[in-house]
Amino acid sequence: MYADLLPESTLRDVVDLAVRLVEFTGALIIFVGAAWAFVQFIGYGAVRLRNWRGPEGAEFGFNRIRLTLGRFLALGLEFQLAGDILRTAIAPSFTEIGQLAAIAAIRTGLNYVLGREIEQERREIERLSPQAGPAAPGTAP
C-alpha cells in the first residue's frame, strides 16, 4: 500500500530536493558568517590603523570576531552533515554508507576542534572583558 502512494523514484526526488536545500542552507550560513567576519575584521583593521598602538581591548575585538566566525562555521558544518545523512536515507549502498561514515568522521572532527576553539575564545573574551564596575548613569543595574 505504501509503495503505491509514494513510488521510490518520487521519494528519491523529494529527498534529493531536501538534500540540496539543507546543503545550500549550510553553505549560505558559512558564507554569511565569513562575510560578516570579513566586514568586522576590516572595521577592526581600520580602528587599529587610526590608533597604531591599538585601542583598549583590541585583542578582545579580534577574539570576538573569531568566536562568532567559529559559531557560523560549526552551524554550517552541522547543516552539511545533515545533508549527507539525508542523501543516504533511501536504500543506501555499502559504498554510500562508507562515504557517509568518512564524511561524518571528518566533519565531526572539524566540529570538535571548532568547539574547542570557540570555548577557548569565549574564555579569552571573558578574561579580557572589562570587569563589571558601577553601572553607568541611566542604565539598569
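Every chain is numbered independently, its residues counted from 1 as its sequence is written. Per-residue local features of the predicted model are confined to residues with pLDDT of at least 70, and side-chain atom pairs are confined, for both listing and counting, to 80 or more; whole-chain, interface and lining totals are unaffected and use all residues. To get the side-chain values, all heavy atoms of the structure are used, and hydrogens and water are removed first.

### Concerning the overall build of the protein
Let me state the cut-off plainly: Every helix listed is a DSSP run of H or I at least four residues long, and every strand listed is a run of E at least two residues long, numbered separately from the N terminus. For every residue, the accessible area obtained with a 1.4 Å probe (protein chains only) is divided by the maximum for its type, and the residue is called buried under 20%, exposed over 50%, and partly exposed between those limits. The contact criterion used throughout is that any non-hydrogen atoms of two residues lie within 4.5 Å. In short, Shrake-Rupley with a 1.4 Å probe defines the accessible areas, and a residue's cover is counted only from the protein chains shown.
Along the protein, the regular secondary structure elements total 4 helices and 0 strands. Seen in sequence order, the protein has helices and strands lined up from the N terminus as α-α-α-α. The buried share among the 141 residues of the protein stands at 21%. Looking at the protein alone, contacts between residues at least 24 apart form 81% of all its contacts between residues at least 6 apart. In the form shown here, the protein has an accessible surface area of approximately 10,200 Å², with 66% of it arising from carbon and sulfur atoms.

### As for helix α4 (residues 94–128)
Spelled out, the test is: Multiplying one less than the number of residues by 1.5 Å gives the expected span of a helix.
With 35 residues, α4 ought to run about 51 Å at 1.5 Å a step, and its terminal C-alpha atoms sit 50 Å apart, in line with that. Within α4 the residues assigned to the buried category are Leu100, Asn111, Leu114, Ile118, Glu121 and Ile125.

### Describing the confidence of the model for the protein
Worth spelling out the cut-off: Within a predicted model, pLDDT stands for the predictor's per-residue confidence, ranging from 0 to 100.
With 78% of its residues at a pLDDT of at least 70, the protein reaches an overall mean of 79. Of all the helices and strands in the protein, helix α1 (residues 2–5) carries the lowest mean pLDDT, 60, while helix α2 (residues 8–50) carries the highest, 87. Here residues 132–141 is a poorly scored stretch, pLDDT under 50, and it has 1 contact once near neighbours within four places are set aside; other chains count.

### Comments concerning the pattern of salt bridges
Test applied: A pairing counts as a salt bridge when a side-chain nitrogen of Lys or Arg comes within 4 Å of a carboxyl oxygen of Asp or Glu.
One pass over the full model with this rule turns up 8 salt bridges. For Glu119, the salt bridge goes to Arg122, with nearest N and O atoms at 2.2 Å. Of this pair, Glu119 and Arg122 both sit in helix α4, 3 residues apart, which is roughly one turn of the helix. Judged by its relative accessible area of 29%, Glu119 is partly exposed.

### Focus: the nonpolar core
Side chains of a nonpolar character, in soluble globular proteins, are inclined to be buried together. Put simply, the test is: Buried Ala, Val, Leu, Ile, Met, Phe, Trp, Tyr and Cys residues form a nonpolar core when they are joined through side-chain atoms within 4.5 Å.
Residues Leu67, Ala74, Leu77, Leu114, Ile118 and Ile125 constitute the largest nonpolar core, which totals 6 residues. For this core, the elements supplying multiple residues, two or more each, are α3 (58–87) and α4.

### Points about the side chain of Glu23
Put simply, the test is: Two N or O atoms count as a polar contact when they lie within 3.5 Å, although within protein this holds only if one can serve as hydrogen donor and the other as acceptor, and sequence-adjacent residues are included solely when both atoms are side-chain atoms.
Along the chain, Glu23 turns up in helix α2. A polar atom in the side chain of Glu23 sits 2.8 Å from the side chain of Arg87. Setting aside anything within four residues of it in sequence, one finds Glu23 in contact with Gln80, Gly83, Asp84 and Arg87.

### Here's the deal with the side chain of Asp84
Note that Asp84 resides in helix α3. Here Asp84 is in contact with Glu23, Leu100, Ile103 and Arg107, once residues within four sequence places are set aside.

### A short note on the environment of Arg20
Along the polypeptide, Arg20 turns up in helix α2. Residue classification places Arg20 among the exposed residues on the basis of a relative accessible area of 55%. C-alpha of Arg20 to C-alpha of Asp84: the two residues are 64 residues apart in sequence and 9.9 Å apart in space.

### Notes on a nonpolar patch on the surface
Basically, it comes down to this: In this analysis, a patch consists of residues with relative accessible area above 30% that form no salt bridge, clustered at 9 Å for like charges and at 5 Å for the nonpolar side chains Val, Leu, Ile, Met, Phe, Trp and Tyr.
Together, Phe38, Val39, Phe41, Ile42 and Phe62 make up a nonpolar patch on the protein surface, roughly 490 Å² of accessible area in all. Tallying contributions element by element places α2 first for the nonpolar patch, with 4 residues. Take Ile42: its relative accessible area is 47%, and that puts it in the partly exposed class.

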